[in-house]
Amino acid sequence: MNVKSLIAIRSLEVLTVATLISGCTVPFFGGYGSGSQSREEFERHVEEIFRLQNQMTSETMMLLDNNEAKNPDALMQAEQHMQQVCADLNEYASRDIDGLSIGFFLSRRVEKSAIDCEQAALAIKPLLNP
């Protein structure tokens, strides 16, 4: 290897480390979630979203099982969409309940998808009126 190749590789390594470090510091300086909340506030909000999502799933299942939904296809489609959008949050909660490691990347995905999950859960509410 020549000197130019070594310098290029070393520069790439430094850039990679700098990127990783800056990515790891974002939550500490900017806060968590879209509202730049403290960690405790964000965790509380995520827990509320998880409960809302579970409530919407339970109510959807009851209506569909009892054939009481006005528009069962729309309700089922909205619930499936919510499950997709909330997949990271559900994985996070499942790992937390089981006492498993959560990891940085899963935490970041939950942080980025929490608001979308909440909106998907709230979109089900109007469809629940029998």
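Here the structure is a predicted model, which is why all the values come from computation and not from measurement. (Residues numbered from 1 in each chain as written. Predicted model: local features only at pLDDT ≥ 70, side-chain atom pairs only at ≥ 80, totals over all residues. Heavy atoms only, no water.)

Asker: Explain the state of the cysteines residue by residue, including any values.
Answerer: Inspection of every chain in the model, using the stated rule, returns 1 disulfide. The disulfide bridge from Cys86 ends at Cys117, spanning 1.9 Å between sulfur atoms. Across the S-S bond linking Cys86 and Cys117, the dihedral sits near 105 degrees, which makes this disulfide right-handed. One end of the pair, Cys86, is in the loop between α3 (72-85) and α4 (87-97); the other, Cys117, is in helix α5 (residues 104-124), with 31 residues separating them in the sequence. Taken individually, Cys86 and Cys117 each receive the classification buried, so the pair is uniform in this respect. (Disulfide = S-S within 2.5 Å. Helix = DSSP H or I, 4+ residues; strand = E, 2+ residues; numbered from the N terminus. Buried < 20%, exposed > 50% of the residue type's maximum accessible area, 1.4 Å probe, protein only.)

Asker: Quick rundown of the pattern of salt bridges? Include the residues and the values.
Answerer: All told, the structure shown has 4 salt bridges when counted by the stated rule. For Arg51, the salt bridge is made with Glu47, and the minimal N-O distance between the two is 2.6 Å. Of this pair, Arg51 and Glu47 both sit in helix α2 (residues 39-65), 4 residues apart, roughly one helical turn. The class for Glu47 is partly exposed, based on a relative accessible area of 41%. Glu111 serves as the salt-bridge partner of Arg108, at 3.0 Å between the closest nitrogen and oxygen. Linking Arg108 with Glu111, this pair stays in helix α5, spanning 3 residues, or about one helical turn. (Salt bridge = Lys/Arg side-chain N within 4 Å of Asp/Glu carboxyl O.)

Asker: An account of unusual backbone geometry is needed here, citing residue identities and associated values.
Answerer: With a phi close to 55 degrees, Asn67 is a non-glycine residue in the positive phi region. When you line up the elements, Asn67 lands in the loop between α2 and α3.

Asker: Give me the packing of α2 against α5: which residues, what numbers.
Answerer: Where α2 contacts α5, the axes come no closer than 9 Å and their chain directions differ by 35 degrees. Handedness of the α2/α5 crossing: left-handed. Between α2 and α5, the contacting residues are Phe42, His45, Val46, Ile49, Leu52, Gln53, Met56 and Thr60 on the first element and Val110, Glu111, Ala114, Ile115, Cys117, Glu118, Ala121, Leu122 and Ile124 on the second. Class assignment for the residues of the contact of α2 with α5 results in 12 nonpolar, 3 polar and 2 charged. (Axes fitted to C-alpha atoms, helices over the stretch in contact; angles between N-to-C directions. Left-handed = near helix turned anticlockwise from the far one by under 90°. Contact = heavy atoms within 4.5 Å. Nonpolar A, V, L, I, M, F, W, Y, C, P; charged D, E, K, R; others polar.)

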